[in-house]
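Residue-level structure breakdown
For reference, the chains in residue letters:
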Amino acid sequence: MIKQFARSVLPASTYQYLWKVKTGLLSGRQHQMLMDRRRKGERYLAVRVDTVSACNHRCQYCYTLDLTGHRTQLMSLEDFEKTAERLFPYAHSLALSCAWEPTMNKKLADFIRVAARFEVPYIHFVSNGAFLTDEMIEAMVDCGVDRMAVSIDAATPELYEKIREVNDLERVLNNLKKLKELKAARGVTKPVVNINWTAFEENAHEAPQFAREHGDLFDTFWFWHLLPRMRNTVNPFHRMDRKKYFSVVKELRAILGNRLTSSEFNEDESNKPLGTCNRSLENIRVEPTGELEVTCSKHKLKGNIFVDDFADIYVRNEDLFERLYNKETDFCQNECDR
């Protein structure tokens, strides 16, 4: 709320300067707290696991469209169990997705059950929802997955297909209905269903329509601006100006109230982050091969989680982490103001 207010009343240059100062003042303290938790044997990592490197949609704004020569990789259940044993005890949150579509791995239900055994305090994932199976839905509900974020960015099949090159919106909505019915039958509220709506000139007008027509299928709604990433050179969509963006936010707020839980806008279109992002400092991404990286970076860690305990991997990469914490090396490649 404070961040949004500051953006609305301050010139962009002033906001950027103050954000950098704030980040600089707090980063040392955040690092100290993180390391205190690590030394005490407490959970100190936000872990993101891609068990498959594939997607059934081709969203035209997605940076993965530019990954030429990409080869699909799949993590086995056996390797996932190794990952869980060697990494999850250090995690305070676990995302069963990061860059790809988790339901492309047909073992996702089993992975959810394994993850639940390690009692990670917060388990979630992002999906387009099209390939959810009854078994996956049951595993989510029975294991108490905290949140599933569903990427939807159109209310009509025509625009949905234009954005994603597939037309399975009805299938996605039917899967959300199944999840809603099972939660009601079990008498539970988890997983919370969140809609991730990536907003741009060509689709923002359909967000209020979706909220009105399908508001009973989700709990919260995130309305994100199209990030100024340069990694996708074929992106045919366009960022909105501030006035238009917040006119849609106002309309959504009237429909959803406090269920509209996030709306952001980066005035700076120069592809520069507003300050220094700290998200990467505790976020570890696991690839289907067991290799690890510091999230949002090109920094690969020495070691493989299928073989090494993360405590050993951390020690092996301590020099890199120190350079990251001290801002002595560039780690953020997305420039997305996170």
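An account of the accompanying structure is given in this report. (Residues numbered from 1 in each chain as written. Predicted model: local features only at pLDDT ≥ 70, side-chain atom pairs only at ≥ 80, totals over all residues. Heavy atoms only, no water.)

Considerations on the overall build of the protein
Check the secondary structure of the protein and you find eleven helices and ten strands. Looking at the 338 residues of the protein, the share that counts as buried comes to 51%. In the protein, of all internal contacts separated by at least 6 residues, the share reaching a separation of at least 24 is 73%. (Helix = DSSP H or I, 4+ residues; strand = E, 2+ residues; numbered from the N terminus. Buried < 20%, exposed > 50% of the residue type's maximum accessible area, 1.4 Å probe, protein only. Contact = heavy atoms within 4.5 Å.)

So, the nonpolar core
Grouped together as the largest cluster of nonpolar side chains are 83 residues, with contacts concentrated most on Phe88, Phe221, Phe223 and Phe310. If near-sequence neighbours (up to four positions away) are discounted, Phe310 is found in contact with Tyr44, Leu45, Arg86, Leu87, Tyr90, Ile284, Leu292, Leu301 and Ile305. (Core = buried A, V, L, I, M, F, W, Y, C linked by side-chain atoms within 4.5 Å.)

Things to note about the pattern of salt bridges
With the rule as written, the count across this model stands at 18 salt bridges. With its nearest N and O atoms 3.6 Å apart, the salt bridge here joins Asp79 to Lys82. Taken together, the positions of Asp79 and Lys82, both in helix H3 (residues 77-87) and three residues apart, correspond to about one turn of that helix. Taking the shortest distance from any N to any O, the salt bridge between Asp153 and Arg164 comes out at 3.1 Å. (Salt bridge = Lys/Arg side-chain N within 4 Å of Asp/Glu carboxyl O.)

Concerning the packing of aromatic side chains
Per the counting criterion, the structure on display carries 16 aromatic pairs. Judged by centre distance (4.4 Å) and plane angle (15°), the rings of Phe200 and Phe237 are stacked. One end of the pair, Phe200, is in the loop between strand S5 (192-199) and helix H8 (207-214); the other, Phe237, is in the loop between strand S6 (220-225) and helix H9 (242-256), and 37 residues separate them in sequence. Among the aromatic side chains, those forming a connected cluster through ring pairs are Tyr44, Tyr90, Phe310, Tyr314 and Phe321. (Phe/Tyr/Trp six-rings, centres within 6.5 Å; stacked < 30°, edge-to-face > 60°.)

Observations concerning the sheet that holds strand S8 (residues 283-286)
If you walk across this open sheet you meet the ten strands as S7-S6-S5-S4-S3-S2-S1-S8-S9-S10, and the pairing is mixed. At either end of the open sheet lies a strand with only one pairing partner, and these are strand S7 (260-263) and strand S10 (300-304). Looking at each pair of strands side by side, their axes are set apart by 20° on average, direction ignored. Sheet analysis places S8 next to strand S9 (residues 291-294), joined by three bridges and oriented antiparallel. Note that in S9 the partner of Val286 across the bridge is Leu292. (Pairing = 2+ DSSP bridges. Axes fitted to C-alpha atoms, helices over the stretch in contact; angles between N-to-C directions.)

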